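Report on the structure
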Amino acid sequence: MVALLTSLRSTFYGLLASTGLYALFIGLLTIPVLQDQVIYLNRVTLTWFQDVNIPEQWGFLRNQVSPFFLKTPDGESLHAWHILPLGLYQQHQTALTDEPHGLASDIKERISFKLLRDDPSSLLVLYFHGAAGTLGSGWRPPSYRAMSAGAPYRIHTLAIDYRGFGASSGSPSEEGLLTDAITLAEWAMKEAGIPPSRIVIFAQSLGTAVSLSLIHHMATRPEPVLFSGVVLVAPFADVESLTATYRIAGTIPLLDPVARFPRLLCWLNTFIKTKWPSKSKLADFIRRCEDMDQGFSGYDITMIHAEDDYNIPWSHSEQLFWHAVNASMPRGITFEDLEEEKIASRVNNNAGGWAVERRTSRGVIREEIMKYGLHDRIMSYPVVSLAVMRAFHTLR
Ligand SMILES: *[C@@H]1O[C@H](CO)[C@@H](O)[C@H](O)[C@H]1NC(C)=O
């Protein structure tokens, strides 16, 4: 009896202590600096003790990747990789292997840069990675190879570590990451001389929020810029809806206990200063494109998500797709009506998942749901290579 009471009592104190710790943890999350640590995870580099100026460590051929730095208008320096497609590499292999190795002090002197700039048919992917890690982490290197798989003589890739990540300076913020993305896009258009019609934006996870901010920003300029296409892998609707569903490392549902109480979650969300309002940026982008005159090439958006993504559930892609389609229709459409239309019109690939496509006279929005692919490795899959090829209109 006494033993039972003692164990009941310790269970009770245990519960009290863990609830207290959790409340403390949630309390700490309302502090902006700590929030940013959880959202960006930029100090978790995953490439500890590795020099990110030696890309050969991640399986690239000698000088297939040229590391260099870009300057932002607000004084940060961004670490960037220029990745050559394999076919082009083979054509210039001897000259490339004879070049100096490692960080390029002047990228414009490198053969890779000249190959990109001087070929009027070269194509360029601007690559925006997800939270945590660096240019060399996890499934990113294999996914750079997937970018050019469909056109190995033409598709170059430029990837950056955002401010606060890897060897880049500064610390991350919503505004700062947008500045970084604009810096890369401006550099590609002005310094490398690639027009937006030969540029595709690729992004995964956190990067999808950065790229939606970027394309929205470019389309709302006095002289709007539209890229050839945008491929978003494992996107999320916004930070507010992410807090309810995000799982750290795909396993720890951070706010699940709070999410059971919608009003508590709502209240907690008022403390979250980082918003990344992707669904409204995407909707506004589509509305603006629909209103542009016919002189513009039109928009091309593809969202790809795996059903077994345990970090960000694919319901986020459903939300984004709905907001995008709704914005493309003068009178809009309800989520339920769109779901019915999707079931009637989708292409079923069985174990490969399914896909839907919506077209207007101004553009196209696609949603591709894969059965398998998790959160990261999907970036290296053929479905992504194919989506990138399709997003380059000149490859059709
Ligand atoms: C859907 O589109 C309609 C018409 O443009 C708009 O009034 C409505 O706010 C949109 N719904 C959402 C959820 O954005």
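Here goes a summary of the coordinates provided. This is a predicted model, so every value here is computed, not measured. (Residues numbered from 1 in each chain as written. Predicted model: local features only at pLDDT ≥ 70, side-chain atom pairs only at ≥ 80, totals over all residues. Heavy atoms only, no water.)

Broken down by element type, the chain carries 15 helices and 12 strands. Here the chain has a C-alpha radius of gyration of 22 Å; the compact-globule value for 396 residues is 21 Å, and the two agree. With the C-alpha coordinates aligned to their principal axes, the bounding extent of the chain is approximately 85 × 55 × 45 Å. When the accessible area of the chain is evaluated, it comes to approximately 17,600 Å², of which 60% is carbon and sulfur surface. With 35 positive and 39 negative side-chain charges, the chain shows a spacing of 1 Å between the two charge centroids. (Helix = DSSP H or I, 4+ residues; strand = E, 2+ residues; numbered from the N terminus. Rg over C-alpha atoms; globule rule 2.2 N^0.38 Å. Areas by Shrake-Rupley, 256 points an atom, 1.4 Å probe, with all protein chains shown as cover. Lys, Arg positive; Asp, Glu negative; His and termini not counted. Charge placed at Lys NZ, Arg CZ, Asp CG, Glu CD.)

Attention now goes to the nonpolar core. Residues Leu126, Phe128, Leu214, Phe227 and Ile301 are the most contacted members of the largest nonpolar core, which totals 69 residues. It is helix 7 (residues 174–191) that provides the largest number of residues to this core, a total of nine residues. In contact with Phe227, other than residues within four places in its own chain, are Ala185, Met189, Pro196, Ile199, Ile201, Leu214, Ile215 and Met218. (Core = buried A, V, L, I, M, F, W, Y, C linked by side-chain atoms within 4.5 Å. Buried < 20%, exposed > 50% of the residue type's maximum accessible area, 1.4 Å probe, protein only. Contact = heavy atoms within 4.5 Å.)

This part covers the sheet that holds strand 11 (residues 354–359). Working definition: the strands of a sheet are paired by backbone hydrogen bonds and lie parallel or antiparallel to each other. Across the sheet, 10 strands lie side by side as 1-2-4-3-5-6-9-12-11-10; this open sheet has mixed pairing. The two strands at the open ends of the sheet, each matched to only one other strand, are strand 1 (65–71) and strand 10 (347–348). Strand direction decides the pairing type here: strand 6 (residues 229–233) and strand 9 (residues 299–306), joined by four bridges, are parallel. Residue pairing across strands places Val231 opposite Thr302, the latter belonging to strand 9. In this fold helix 14 (residues 335–345) packs onto strand 10, strand 11 and strand 12 (363–370), with an angle of close to 115° to the strand it touches most, strand 11. On top of the sheet, helix 15 (residues 382–391) reaches strand 3 (123–128), strand 4 (155–160), strand 5 (199–204), strand 6, strand 9 and strand 12; it is set at about 175° to strand 9, its chief contact. (Pairing = 2+ DSSP bridges. Axes fitted to C-alpha atoms, helices over the stretch in contact; angles between N-to-C directions.)

There is about 200 Å³ of room inside the second largest pocket. Val347, Ala355, Val356, Glu368 and Arg390 are, among the 14 residues lining the second largest pocket, the residues nearest its centre. Mapped onto the lining of the second largest pocket, the elements with two or more residues apiece are strand 11, strand 12 and helix 15. No other element matches the four residues that strand 11 contributes to the lining of the second largest pocket. Looking at the lining of the second largest pocket, its residues break down into six nonpolar, four polar and four charged. (1 Å grid on protein atoms, 1.4 Å probe; cavity = no way out; pocket = protein on both sides within 12 Å on 5 of 7 lines; lining within 4 Å. Points joined across faces, edges and corners; volume = space filled by probe spheres on them. Nonpolar A, V, L, I, M, F, W, Y, C, P; charged D, E, K, R; others polar.)

All right, on to helix 12 (residues 278–291) then. One turn of the α-helix equals 3.6 residues, which is why residues spaced by three or four share an orientation. The end-to-end C-alpha distance of helix 12 is 20 Å, a good match for the 20 Å that 14 residues give at a rise of 1.5 Å each. Where helix 12 is concerned, the buried positions are Ser278, Leu282, Ala283, Phe285, Ile286 and Cys289. In an axial view of helix 12, the angular spread of the buried residues amounts to 160°, which keeps them on one side of the axis. If you follow the buried residues of helix 12, they end up packed against helix 8 (206–219), strand 9, helix 13 (315–328) and strand 12. (Expected span 1.5 Å × (residues − 1). Arc of directions from axis to C-beta.)

Inspection of the entire model under this criterion finds one cavity of 30 Å³ or more. Taken together, the elements giving at least two residues each to the lining of the largest cavity come down to strand 6 and strand 9. At three residues, strand 9 tops the list of elements feeding residues into the lining of the largest cavity. When grouped by side-chain class, the residues that make up the lining of the largest cavity number eight nonpolar, one polar and one charged.

The environment of the ligand is made up of Arg287, Trp322, His323, Asn326, Pro330 and Gly332. A distance of 2.4 Å is found between an oxygen atom of the ligand and a side-chain nitrogen or oxygen belonging to Asn326. Grouping the constituent residues of the shell around the ligand by class yields two nonpolar, three polar and one charged. (Near = heavy atom within 4 Å. Polar contact = N/O pair within 3.5 Å; in protein donor to acceptor, adjacent residues only side chain to side chain.)

Attention shifts here to the packing of aromatic side chains. Applying the stated rule across the entire model yields 12 aromatic pairs. When the centroid spacing of 6.2 Å and the interplanar angle of 75° are considered together, the rings of Trp314 and Trp354 count as edge-to-face. Here Trp314 is found in the loop between strand 9 and helix 13, whereas its partner Trp354 is found in strand 11, with 40 residues between them in sequence. Note on Trp314: relative accessible area 26%, which makes it partly exposed. Classification of Trp354 by relative accessible area gives buried; the value is 8%. In textbook terms, an aromatic cluster arises when at least three aromatic residues are bridged by ring pairs, as seen for Trp58, Phe60, Trp81, Tyr127, Tyr144 and Phe202. Directly above the ring of Trp354 sits Arg346, whose terminal nitrogen or CZ lies 4.5 Å from the centroid. (Phe/Tyr/Trp six-rings, centres within 6.5 Å; stacked < 30°, edge-to-face > 60°. Lys NZ or Arg CZ within 6 Å of the ring centre and 35° of its normal.)

Residues Val44, Leu46, Trp48 and Phe49 make up a contiguous nonpolar surface patch of roughly 510 Å² in combined accessible area. Locating Val44 in the fold gives a position in the loop between helix 2 (32–40) and strand 1. Exposure remark for Val44: the relative accessible area of 34% places this residue in the partly exposed category. (Patch = residues over 30% accessible without salt bridge, like charges linked within 9 Å, V, L, I, M, F, W, Y side chains within 5 Å. Salt bridge = Lys/Arg side-chain N within 4 Å of Asp/Glu carboxyl O.)

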